[in-house]
Amino acid sequence: REDTMRALSISKNVLSQLERIARLIPHNVGWDIGPAHKAGRPKWMALAAAFEEGLLSEPAVNLILARVPEDATSEERLQAVLDSLQTRGTPDTRAATRSMAGGTTVKSTKSSLTVSIRRAGDSAAFADWLDRNIDRVIEDSYRSFTQETEGDGS
């Protein structure tokens, strides 16, 4: 322990926190999330506490991570798991995130629907096109919605 503290230039308290994180977070969960270097120790400690308190299980984290876009950073994967702890209500009211064509991610919650597209790589051109055409896309979609729902009480 002394050698480790010296090598990492950390205190005994910090080393204890790191050991606790390593002990409480299942190995496969850490591996699936990734290093998340920029996330900071407090987020990892919050994740460890969630496992310790029984708020998370490895299968639950696997389901959460399955909804995270494949190109998400490890920081985004860690945040998605932590965000799931903030969600109130039954699992069917929790956020559902799905990846779609053109690098589009759709996040659906009880209170909102969010569409995001990264303006990088292969999806940049589509993001720019959609930005220029979003008004028309929304108007056309709303018109279709109203035609489909006329008379059904929606």
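Scroll up a little and you will see the structure.
The structure displayed is predicted, hence computed values, not measured ones.

Considering the sheet that holds strand β1 (residues 96-100)
Point 1. The three strands are arranged β1-β2-β3 in an open sheet whose pairing can be described as antiparallel. Every interior strand has two partners, whereas the edge strands, β1 and β3 (113-117), have only one. Within the sheet, the average angular offset between the axes of one strand and its neighbour, ignoring direction, is 20°.
Point 2. The pairing of β1 with strand β2 (residues 104-108) spans five bridges and is classified as antiparallel.

Quick notes on the packing of helix α5 (residues 58-66) against helix α6 (residues 74-86)
Point 1. Interhelical geometry of α5 versus α6 gives an angle of 120° and a closest axis separation of 10 Å. Taken together, α5 and α6 sit at an angle that is classed as oblique. As for how α5 packs across α6, the hand of that crossing is right-handed. From α5, Val61, Ile64 and Leu65 reach across to α6, where they touch Arg77, Ala80, Val81 and Ser84.
Point 2. Residue composition of the contact of α5 with α6, grouped by class: five nonpolar, one polar and one charged.

Some thoughts on the packing of aromatic side chains
Point 1. The final tally for this structure, using the stated rule, is two aromatic pairs.
Point 2. Taking the centre distance of 6.1 Å and the plane angle of 15° together, the rings of Phe126 and Trp129 count as stacked. Note that Phe126 and Trp129 are positioned in helix α7 (residues 124-149) at a spacing of three residues, about one turn of the helix.
Point 3. By relative accessible area, which is 31% here, Phe126 ends up partly exposed.
Point 4. Assessed through its relative accessible area of 35%, Trp129 is described here as partly exposed.
Point 5. Plain terms: the ring middles of Tyr142 and Phe145 are 5.7 Å apart, the flat faces sit at 40° to each other, and that makes the pair tilted. Linking Tyr142 with Phe145, this pair stays in helix α7, spanning three residues, or about one helical turn.

Conventions and cut-offs
- Residues numbered from 1 in each chain as written.
- Predicted model: local features only at pLDDT ≥ 70, side-chain atom pairs only at ≥ 80, totals over all residues.
- Heavy atoms only, no water.
- Pairing = 2+ DSSP bridges.
- Helix = DSSP H or I, 4+ residues; strand = E, 2+ residues; numbered from the N terminus.
- Axes fitted to C-alpha atoms, helices over the stretch in contact; angles between N-to-C directions.
- Parallel < 35°, antiparallel > 145°, perpendicular 65-115°, else oblique.
- Left-handed = near helix turned anticlockwise from the far one by under 90°.
- Contact = heavy atoms within 4.5 Å.
- Nonpolar A, V, L, I, M, F, W, Y, C, P; charged D, E, K, R; others polar.
- Phe/Tyr/Trp six-rings, centres within 6.5 Å; stacked < 30°, edge-to-face > 60°.
- Buried < 20%, exposed > 50% of the residue type's maximum accessible area, 1.4 Å probe, protein only.

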